[in-house]
Amino acid sequence: MGFWTVFVIAVGLSMDAFAVSVANGCRMTRVTLRDALRPGWWFGGFQMLMPVLGWLGGLALRDLIQSFGHWVAFGLLVFIGGKMLVEAVRGGKHEDECEAERRSTRDMLVLAIATSIDALAVGLSLSVLRVSIWWPALLIGLVTFAFSLAGTLLGCSIGKLVKGKAEIVGGLVLIGIGIRILLQGLH
C-alpha cells in the first residue's frame, strides 16, 4: 500500500480526534506545551495501537465490530459530551478554577477509545488485504498526534472567543461526532 493511500487513510481517521481535541482546547483559557501534547499522545497512541489490534484480530472479529462498533463510539462520546453539558449548566466555577481544569485520565481514555474504533476496523481491513500493519499504524499514529496537537491549540483560541460557553460548545461537538459515527454505522 502506497504512502499517499495510507496518508489519506490516516488523515481520515484523525478527524474525530482532531474535533475532540478542538473541544478539549475550548475548555482551556491557556494551553501549555504539556496540555497541547497530552491529547496527541492519547489519541495518536490509540490510533496507532488499534489498527495493530484489529490486524492481529483478523477476520474473527470483523463482523462483531462492524455490527456494534458505531454504537460503542456513540455511547462513549455522548456520555462525555453530556457530562460536559451538565458541568456547563451547573456552573459555579470561578475563572481561575476553570483555567487550571484539564480532562481526567479516565475521560482521556474513554475519548481515545471512542475516537479509535474506526482504526481498529482499518486494521482488520488491512489484515484481509494482507498488508503489513507496521508502517500504516505508525503513520496513522503520527498524523493523529499532529492533528490532535493542532486541534487543542485551535480549540483554545476558539474557547477564548466563546468564553463561558466553551464547555457547551465542546459537549455539543462531542455529541455531534457521536451521532455522526452512529449514523454512518447504521448505513
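Keep in mind that this is a model prediction, so the values were computed, not measured. Residue indices begin from 1 for each chain and proceed along its sequence in written order. Given that this is a predicted model, residues contribute local features only at a pLDDT of at least 70 and side-chain atom pairs are listed and counted only at 80 or more, while totals for whole chains, interfaces and linings are drawn from all residues. Hydrogens and water molecules were not included; the side-chain quantities draw on all heavy atoms of the structure.

A. Spotlight on the overall build of the protein chain. Helix and strand counts for the protein chain come out as 7 helices and 0 strands. Helix and strand definitions here come from DSSP, where helices need a minimum of 4 consecutive H or I residues and strands a minimum of 2 consecutive E residues; each element is numbered from the N-terminal end. Going residue by residue from the N terminus, the α and β elements of the protein chain occur as α-α-α-α-α-α-α. Categorising residues by exposure relies on relative accessible area from a 1.4 Å probe, with only protein chains included: less than 20% of the type maximum marks a residue as buried, more than 50% marks it as exposed, and the intermediate range marks it as partly exposed. Among the 187 residues that make up the protein chain, the fraction classed as buried is 42%. Sequence-distant contacts in the protein chain: of pairs separated by 6 or more residues, those separated by 24 or more amount to 93%. Throughout, a residue-residue contact means that at least one pair of heavy atoms, one from each residue, lies within 4.5 Å.

B. Here's a closer look at the packing of aromatic side chains. In this analysis, rings of Phe, Tyr and Trp, with Trp reduced to its six-membered ring, are considered paired at centre separations within 6.5 Å, and the interplanar angle assigns stacked below 30 degrees, edge-to-face beyond 60, and tilted for intermediate values. This structure, assessed with the given rule, holds 8 aromatic pairs. Look at tryptophan 42 and phenylalanine 46: their rings are 6.2 Å apart centre to centre, the planes differ by 15 degrees, and that puts the pair in the stacked class. A residue pair is termed a helical-turn pair when its members lie 3 or 4 positions apart in one helix, as tryptophan 42 and phenylalanine 46 do in helix α2 (residues 33–57) at 4 residues. Through a chain of ring-to-ring contacts, the aromatic side chains of Phe3, Trp4, Phe7 and Trp135 assemble into a single cluster.

C. Quick look at the UniProt feature "transmembrane region" (unreviewed entry) in the protein chain. UniProt positions are given in the numbering used here, feature names are shortened, and annotations may be inferred rather than shown by experiment. Residues given the UniProt feature "transmembrane region" (unreviewed entry) here are residues 6–28, 40–62, 68–86, 107–127, 133–156 and 168–186. Between the end C-alpha atoms of residues 107–127 there is a gap of 30 Å, over a span that is 100% helix and 0% strand.

D. Broad picture of the side chain of glutamine 47. Along the polypeptide, glutamine 47 turns up in helix α2. According to the relative accessible area criterion, glutamine 47 is buried, its value standing at 0%. Two N or O atoms form a polar contact when they lie within 3.5 Å of each other; inside protein one atom must be a possible hydrogen donor and the other a possible acceptor, and for residues adjacent in sequence the pair counts only when both atoms belong to side chains. One polar contact links the side chain of glutamine 47 to the main-chain carbonyl oxygen of threonine 115, over a distance of 3.1 Å. With residues up to four places along the chain from it excluded, the contact list for glutamine 47 reads Leu13, Ser14, Thr115, Ser116, Ala119, Ile140 and Thr144.

E. The arrangement of the nonpolar core in detail. Take the buried Ala, Val, Leu, Ile, Met, Phe, Trp, Tyr and Cys residues and link them wherever side-chain atoms come within 4.5 Å; each set so joined is a nonpolar core. By size, the foremost hydrophobic cluster in this structure holds 27 residues, and its most contacted members are Val20 and Phe43. Of all the secondary-structure elements, those providing two or more residues to this core are α1 (3–26), α2, α5 (105–128), α6 (134–162) and α7 (166–186).

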